[in-house]
Amino acid sequence: MLRDGVARPSSELLYSFPIDAPMFTVHADLWQPGDIEGFDGNTALMVILCHMTGFAAIEPIAKKDSQTFAQAVYKIFLRYGMPHLIITDADSKFKGEFKDMAELLKLKHHTVAKGNHNAIFVERFNRFLNSGLRVFNNDRGTNRVFVEGALTLCYAWNSCPVTATDLSRSLLAVGREFQFPIDFTSRYHITYDTDESQVRKYADELCDLLTKSREIYEILI
């Protein structure tokens, strides 16, 4: 296949999908901790990765069949929006279940060429998951906390910037920054009760911000 006057393997076409929104094209894979069962009876994680931003979403599952797969990805899609295309690995031992899952949900499904693991973006997240869970599980003294550890690691992954940008994955996918490390204190109580002086101060700050924004807009226009 020719592109920019240079012959390219067809597998690289994965990187030129038309994408105009986060979670519009996604990669899916099943991550397993081995022969281990979590405290809630879960044995694996359904991993969905946004092709545009790299934003990751996971859903614990207890069974490994097409119906369970469909339930897991549907829960994720209801949170972040239904995708146009779902991409899976042709070498996955669950490729039959993924195919049936896509048919159940009536989703457009694509499998990459065999051996082309670099085109499956979710595998990069899985490598991060493997390294992080090794530390997390050793710290807790058991592998049965893999779901809790994976959720924490997923949060950390999404707080990081998209490659070659200063924009975080969370900001692009859900419109807000994920603060990491996760800092919190039980001593501080957020209250929404305000007095008149706070209202006036807030209004003055917004007025000043609006004035400066209009000045910038005039320069840009």
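Note that this is a predicted model, so its numbers are computed, not measured.

1. A look at the packing of helix 3 (residues 122-140) against helix 4 (residues 146-159)
And step 1. Two numbers describe how helix 3 lies on helix 4: the axes approach to 9 Å, and their chain directions differ by 125°. Here helix 3 lies oblique to helix 4, going by the angle between them. The hand of the helix 3/helix 4 crossing is right-handed. Seen from helix 3, the contacting residues are R124, F125, F128, L129, G132, L133, F136 and N137; seen from helix 4, they are F146, E148, G149, A150, L153, C154 and W157.
And step 2. For the contact of helix 3 with helix 4, the residue count by class is 10 nonpolar, 3 polar and 2 charged.

2. Looking at the pattern of salt bridges
And step 1. Under the defined criterion, the tally for this structure stands at 6 salt bridges.
And step 2. Across the salt bridge formed by R140 and D139, the nearest N and O atoms sit 2.4 Å from each other.
And step 3. Residues participating in the shared-partner salt-bridge network are E59, K75 and R79.

3. Some details on the nonpolar core
And step 1. Judged by nonpolar contacts, the single largest core of 24 residues is most densely connected at L30, I48, F69, F77, F98 and M101.
And step 2. No other element matches helix 1 (residues 66-80), which puts 6 residues into this core.
And step 3. Aside from chain neighbours lying at most four places away, what touches I48 is M23, V26, H27, A28, F55, A56, A57, V73, I76 and F77.
And step 4. Membership of the second largest hydrophobic core comes to 23 residues, among which are I120, F121, V145 and W157.

Rules used in this analysis
Residues numbered from 1 in each chain as written. Predicted model: local features only at pLDDT ≥ 70, side-chain atom pairs only at ≥ 80, totals over all residues. Heavy atoms only, no water. Axes fitted to C-alpha atoms, helices over the stretch in contact; angles between N-to-C directions. Helix = DSSP H or I, 4+ residues; strand = E, 2+ residues; numbered from the N terminus. Parallel < 35°, antiparallel > 145°, perpendicular 65-115°, else oblique. Left-handed = near helix turned anticlockwise from the far one by under 90°. Contact = heavy atoms within 4.5 Å. Nonpolar A, V, L, I, M, F, W, Y, C, P; charged D, E, K, R; others polar. Salt bridge = Lys/Arg side-chain N within 4 Å of Asp/Glu carboxyl O. Core = buried A, V, L, I, M, F, W, Y, C linked by side-chain atoms within 4.5 Å. Buried < 20%, exposed > 50% of the residue type's maximum accessible area, 1.4 Å probe, protein only.

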